[in-house]
Amino acid sequence: MNNSSFFKAVPALLWQFLFFYIPLLFVVVLSFTDGTTSGFTLKNYALLFDSVYGSIVLRSLILAFLTATLCLLIGYPLAYFIALKKRSLKNVFLFFIILPFWTNLLVLTYAWFFILDRDGLLNSLLMNIGVINEPLALINNFFAIMIVMFYCYLPFMIMPLFSVLEKFDLNLIEASKDLGANQWQTLWNVIIPITMPGIKAGFLLVFVPAFGEFVIPLLVGGDKYMFVGTLISHYFLIGQNKFAGSAFTVLSSCVLFVVVFFVSIFVQKLFPSHREIRETEL
Amino acid sequence: MNFLKKMALPMFVFLVFAFLYLPIIVLIVFSCNKIAFPYRWAGFSLEWYRELLESTEIWHAVKNSLIVALSAVFLSLTMGLTFIFYTARTKYEKVIPFFYGNLVFPEIILAVSLLALFTFFAIPTGLLALIAAHTVLAFGFVVPILAARFQELDYSIIEASLDLGASLNQTFIRIVIPLLLPALVAAGLLVFVISFDDFLLAFFCAGTSAQTLPLYIFALIRTGISPVINALSTLLLVVSSVGVLIFCSLKSKIRIF
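Rules behind the numbers
- Residues numbered from 1 in each chain as written.
- Chains lettered and ligands numbered in written order.
- Predicted model: local features only at pLDDT ≥ 70, side-chain atom pairs only at ≥ 80, totals over all residues.
- Helix = DSSP H or I, 4+ residues; strand = E, 2+ residues; numbered from the N terminus.
- Buried ≥ 20, exposed ≤ 12 C-beta atoms within 10 Å, placed from the backbone.
- Contact = placed C-beta atoms within 7 Å.
- Axes fitted to C-alpha atoms, helices over the stretch in contact; angles between N-to-C directions.
- Parallel < 35°, antiparallel > 145°, perpendicular 65-115°, else oblique.
- Left-handed = near helix turned anticlockwise from the far one by under 90°.
- Nonpolar A, V, L, I, M, F, W, Y, C, P; charged D, E, K, R; others polar.
- Expected span 1.5 Å × (residues − 1).
- pLDDT = per-residue confidence, 0-100.
- Core = buried A, V, L, I, M, F, W, Y, C linked by C-beta atoms within 7 Å.

Peer 1: I tried to follow the overall build of chain A on my own but got confused; where do I start?
Peer 2: When helices and strands are tallied, chain A shows 14 helices and zero strands. Ordered by position from the N terminus, the helices and strands of chain A form the series α-α-α-α-α-α-α-α-α-α-α-α-α-α. Across its three principal axes, chain A shows a C-alpha extent of roughly 75 × 75 × 35 Å. Across the 282 residues in chain A, those meeting the buried criterion constitute 40%. Considering only intrachain contacts with a sequence separation of at least 6, the fraction spanning at least 24 residues in chain A is 74%.

Shown next as structure tokens:
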């Protein structure tokens, strides 16, 4: 293809720069200004040296980590189960996994109100069978946030896991057994290392958006807990302090990327051989 | 003991599916409930569906959401496809990863960045701004899917077409588009769903004038429980299942994830 046709690729690139890179850069620039003086300032960042902000970022990290871990622990056996099914059955299972993922997130969150609310189904069920006398506080707390987060993010974990497990060669399990490994050894030394690309992709696909989650804590968290997403939206929508908000946005995304970076290095250390195994497999 | 061991995984899977579908079933059941509150079955009624059909606000929001989603699908597919065709397998290939950040960036950061930019340059927020934002979000899915599919194509077909005298544009329209059609349809469906269901970008970029369906649902939920949402969700669920069916049948042909 000749050089002159490259210009046909320009609209997409231009769009991407105008509405993705430039806005992000703009926020970085905003974070170093205060709107009054025209010069460069670190004032916005200085304000962030307060344990309040640290605890908000930490709380979001914990939420994202718990969500991703829970999704992985539940999603992995599920994806494994589906991937080993016959083709026709596999498609049926996949359909039912994807369907909630194609349903409005707000609607799914709302559906949980019916179950978790004070007068909801779970409380009335538990009261009817006599487990509890008083309705439990199931909503507007961290528990509710976790349930709904897990519920909404599970399909994001399953899809990448499924696609690596589907390609997994079952003979390797046989081989591992023949060579004397027990079930756990096979899982830890064979299945998990080979499916590591899917685990990583799934973890990232859940962890990163969960860190910035804003709707679920707002709806079922009862305004009790501040998360990164909630605080950012406060800055930009309610407080209208976009300079401080920008600094917080920049800093929290830096924290996010540093954490993701170190976690992936740690995983690489934990399963150093996965690449070699994959190469020998090919 | 052996039997128990064998049944452990299927039982587990059953429980997870029960967990996934319990809220959805509850949602559907309560859409036909006579009373709005409390959560108790009081008899079958289609009252909420009638209210839904008569609501002008909801259908106005649906219309807005459709406009935004269809525009995002059209823009991201046309731009994404030409972009891939004229860069993949050329020396410009290195620019493709420019689009990979869209997926790994928390959406809220993109949303506030766009809002800050729009307000600074006094660009009015509204449907157009939202279309711009959704198209960027869509690139995150469209570009990797099409790039992967394009790399898998047998390049000799394209070379044959060019050797036989077809121009680059003819090759593009008559060879590449038909070959990429399953990927295009699947990516288009995915983008449509993501845009149609997106709340975050709409919350920040749609402004006060433009109401999309997720914004409307959000407002309804905040004001309190109304079974009209259940009725609406049930209808949406029926529509999505048709979409997922098409998507699943395409997924066996192309690898999306």
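Peer 1: Honestly, the overall build of chain B in this entry has me stumped. Any pointers?
Peer 2: A count of helical and extended segments in chain B gives eleven helices and zero strands. Looking at chain B residue by residue over its 257 residues, the buried ones come to 40%. A fraction of 79% describes how many contacts in chain B between residues 6 or more apart in sequence connect residues 24 or more apart.

Peer 1: How do you make sense of the packing of helix α7 (residues 142–166) of chain A against helix α10 (residues 196–211) of chain A when you look at a structure like this?
Peer 2: Between two packed helices, both the angle of their axes relative to each other and the distance between the axes serve to describe the pair. Residues and elements named next belong to chain A. The geometry of α7 relative to α10 is characterised by a closest axis approach of 8 Å and an angle of 155 degrees between their N-to-C directions. Judged by the angle between their axes, α7 and α10 are roughly antiparallel. When you trace α7 past α10, the crossing you get is right-handed. Contact residues: α7 offers M149, Y153, F156, M157, P160, L161, S163, V164 and L165, while α10 offers P197, G198, I199, A201, G202, L205, V206 and A210. Taken together, the residues that form the contact of α7 with α10 break down as 14 nonpolar, three polar and no charged.

Peer 1: Can you walk me through the interface of chain A and chain B in this structure?
Peer 2: Interface size is often expressed as the accessible area that is lost when the parts come together. Contacts between the two partners involve 66 residues from chain A and, on the opposite side, 66 residues from chain B. Of the residues forming the side of chain A that touches chain B, the biggest block, 13 residues, is contributed by helix α1 (residues 10–31) of chain A.

Peer 1: Is there a simple way to think about helix α5 (residues 107–120) of chain B in this case?
Peer 2: Working note: α-helix, 3.6 residues per turn, so residues spaced by three or four point in the same direction. The end-to-end C-alpha distance of α5(B), which contains 14 residues, comes to 20 Å, matching closely the 20 Å that a straight helix rising 1.5 Å per residue would cover. When you tally the buried positions in α5(B), you get twelve out of 14 residues, the bulk of the element. If you check which residues of α5(B) are buried, you get B:E107, B:I108, B:I109, B:L110, B:A111, B:V112, B:S113, B:L114, B:L115, B:A116, B:L117 and B:F118. Elements that come into contact with the buried residues of α5(B) comprise α1, α10, α12 (228–238) and α13 (242–270) of chain A together with α6 (127–152) and α9 (200–205) of chain B. Of the residues flanking the end of α5(B), it is B:A122, one or two places downstream, whose phi is positive at about 55 degrees.

Peer 1: Before we go on, may I ask you to explain the confidence of the model for chain B in this structure?
Peer 2: Interpretation of this model should avoid reading the predicted coordinates in detail wherever pLDDT is low. Averaged over every residue, the pLDDT of chain B is 87; residues scoring 70 or more account for 96%. The secondary-structure element of chain B with the lowest mean pLDDT is helix α4 (residues 101–104) of chain B, recorded at 82, while helix α3 (residues 56–87) of chain B shows the highest, at 93.

Peer 1: Which parts of the structure should I look at to understand the environment of A:V228?
Peer 2: All names here are of chain A. By secondary structure assignment, the location of V228 is in helix α12. As for V228 and S252, which are separated by 24 residues in sequence, their C-alpha atoms are 7.4 Å apart. In contact with V228, not counting residues within four places along its chain, are I56, V57, S60, F211, G212 and S252.

Peer 1: What am I meant to see in the nonpolar core here?
Peer 2: Formed by 154 residues in total, the largest nonpolar core has its most connected members in B:L130, B:L146 and B:C205. Among the elements that line this core, the one with the most residues is α7(A), at 18 residues.

Peer 1: Help me out: how do you make sense of helix α10 (residues 213–223) of chain B in this one?
Peer 2: Those residues of α10(B) that fall on the buried side of the exposure criterion are B:L213, B:P214, B:L215, B:Y216, B:I217 and B:F218. Once α10(B) finishes, B:G224 follows within two positions and takes phi at roughly 140 degrees, a positive value.

Peer 1: Honestly, unusual backbone geometry in this entry has me stumped. Any pointers?
Peer 2: Glycine aside, residues mostly have negative phi, and peptide bonds are mostly found in the trans state. A positive phi angle is found at A:N140, which is not glycine, with a value near 65 degrees. For A:N140, the position within the fold is in the loop between α6 (121–128) and α7. A positive phi angle is found at B:A122, which is not glycine, with a value near 55 degrees. Along the chain, B:A122 turns up in the loop between α5 and α6.

Peer 1: Can you walk me through the environment of B:R149 in this structure?
Peer 2: All names here are of chain B. Take R149: it is sitting in helix α6. R149 sits in the buried class, given 22 other C-beta atoms within 10 Å. C-alpha separation for the pair R149 and P214, spaced 65 residues apart in sequence, amounts to 32 Å.

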